[in-house]
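Remarks on the overall topology
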Amino acid sequence: SGYAEAIRDGVMEKGEEIDALNIIIDESNKLSQAIGSILYLSSFDGPSKYNYKEVKRINFYESVEELALKSVDVQSGKIEIINNFPMALSVELEVEKYNKLLNNILGNALRYAKSKIYCDLIIKDKDFIFTIRDDGPGFKYGEEDKVFERFYKGEGGHNGLGLSIVKKIVEAYEGEVRAYNHKDGGAVIELRFNDFYRYFMV
């Protein structure tokens, strides 16, 4: 608001207005995203509802590849996503929730990775275990239990809501999510869905 007031009052030097407007737009976008995330989180406070209108068949492997195409760091070769999701596995699920889940987890991994991100899936009977790991600095001591709290921001984080949204979505399907450091270094986000077939048609 200070930049807007300065423009209104005419106290900006010549040529500074464009820089000020860019800052206003950037901060407005961040605020809008934060408000959207808060409203989305609040939608989980009531009874959980399965939105059949949102259900689409999603291929896990292809969805990661599509997201990689939108990443400047991946396309420039700075970051490599090692996509070990089965290429043939498609699942019917709520596309909005899945996209938010994937975008938030991979977005975090892209922010902290040095050069590689690993996407893996283990299937045990009816249980599905997804892991997304980066080769970055990993979580600080004790941080693993805090990263899913609303507004908790790690170093370089944005509004501290992304992983809170992930937790709410996973819990809506009676799944579990946890964060830990990999033995070879880097942070891991693990999603575990017991009796996966109760909710999703493979």
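Everything in this summary refers to the structure shown in the same document.

Conventions we followed
- Residues numbered from 1 in each chain as written.
- Predicted model: local features only at pLDDT ≥ 70, side-chain atom pairs only at ≥ 80, totals over all residues.
- Heavy atoms only, no water.
- Pairing = 2+ DSSP bridges.
- Helix = DSSP H or I, 4+ residues; strand = E, 2+ residues; numbered from the N terminus.
- Axes fitted to C-alpha atoms, helices over the stretch in contact; angles between N-to-C directions.
- Contact = heavy atoms within 4.5 Å.
- Buried < 20%, exposed > 50% of the residue type's maximum accessible area, 1.4 Å probe, protein only.
- 1 Å grid on protein atoms, 1.4 Å probe; cavity = no way out; pocket = protein on both sides within 12 Å on 5 of 7 lines; lining within 4 Å.
- Points joined across faces, edges and corners; volume = space filled by probe spheres on them.
- Nonpolar A, V, L, I, M, F, W, Y, C, P; charged D, E, K, R; others polar.
- Parallel < 35°, antiparallel > 145°, perpendicular 65-115°, else oblique.
- Left-handed = near helix turned anticlockwise from the far one by under 90°.

1. A short note on the sheet that holds strand β7 (residues 187-193)
Pairing within the open sheet is mixed, and its five strands lie in the order β2-β4-β5-β7-β6. Strand pairing shows two members of the sheet lacking a second neighbour, β2 (80-83) and β6 (176-181), which therefore form its edges. Here the strands of the sheet are splayed against their neighbours by 15° on average, with no regard to which way each runs. The pairing of β6 with β7 spans six bridges and is antiparallel. Paired with Arg178 across the strands is Glu190, a residue of β7. With respect to the sheet, helix α5 (residues 95-112) is in contact with β4 (116-124), β5 (127-134) and β7, its orientation differing from that of β5 by roughly 30°.

2. Here we look at unusual backbone geometry
The backbone of Asp125 sits at a positive phi, close to 55°, despite the residue not being glycine. Note on placement: Asp125 falls in the loop between β4 and β5. In this structure Asp125 comes out as exposed when scored by relative accessible area, which is 74%.

3. Overview of empty space enclosed by the protein
Empty pockets left among the atoms are what a rolling probe the size of a water molecule brings to light. Tallied over the entire structure, the rule returns one cavity of 30 Å³ or more. Volume-wise, the largest cavity comes out at about 250 Å³. Contributing to the lining of the largest cavity are 18 residues, with Phe60, Tyr98, Leu101, Leu191 and Phe193 lying nearest its centre. Elements that contribute at least two residues to the lining of the largest cavity include exactly β3 (90-94), α5, β5 and β7. With five residues, α5 is the single largest residue contributor to the lining of the largest cavity. Within the lining of the largest cavity, the residues separate by chemical class into 16 nonpolar, no polar and two charged.

4. Focus on the packing of helix α3 (residues 60-69) against α5
In a pair of packed helices, the angle between the axes and the distance between the axes together describe the arrangement. Where α3 meets α5, the closest approach of the two axes is 11 Å, and the angle between their N-to-C directions is 55°. By the angle between their directions, the pair α3 and α5 is classed as oblique. In the packing of α3 onto α5, the handedness of the crossing is right-handed. Residue-level contacts link Phe60, Ser63, Val64 and Leu67 of α3 to Tyr98, Leu102, Asn103, Leu106 and Leu110 of α5. The residue makeup of the contact of α3 with α5, split by class, is seven nonpolar, two polar and no charged.

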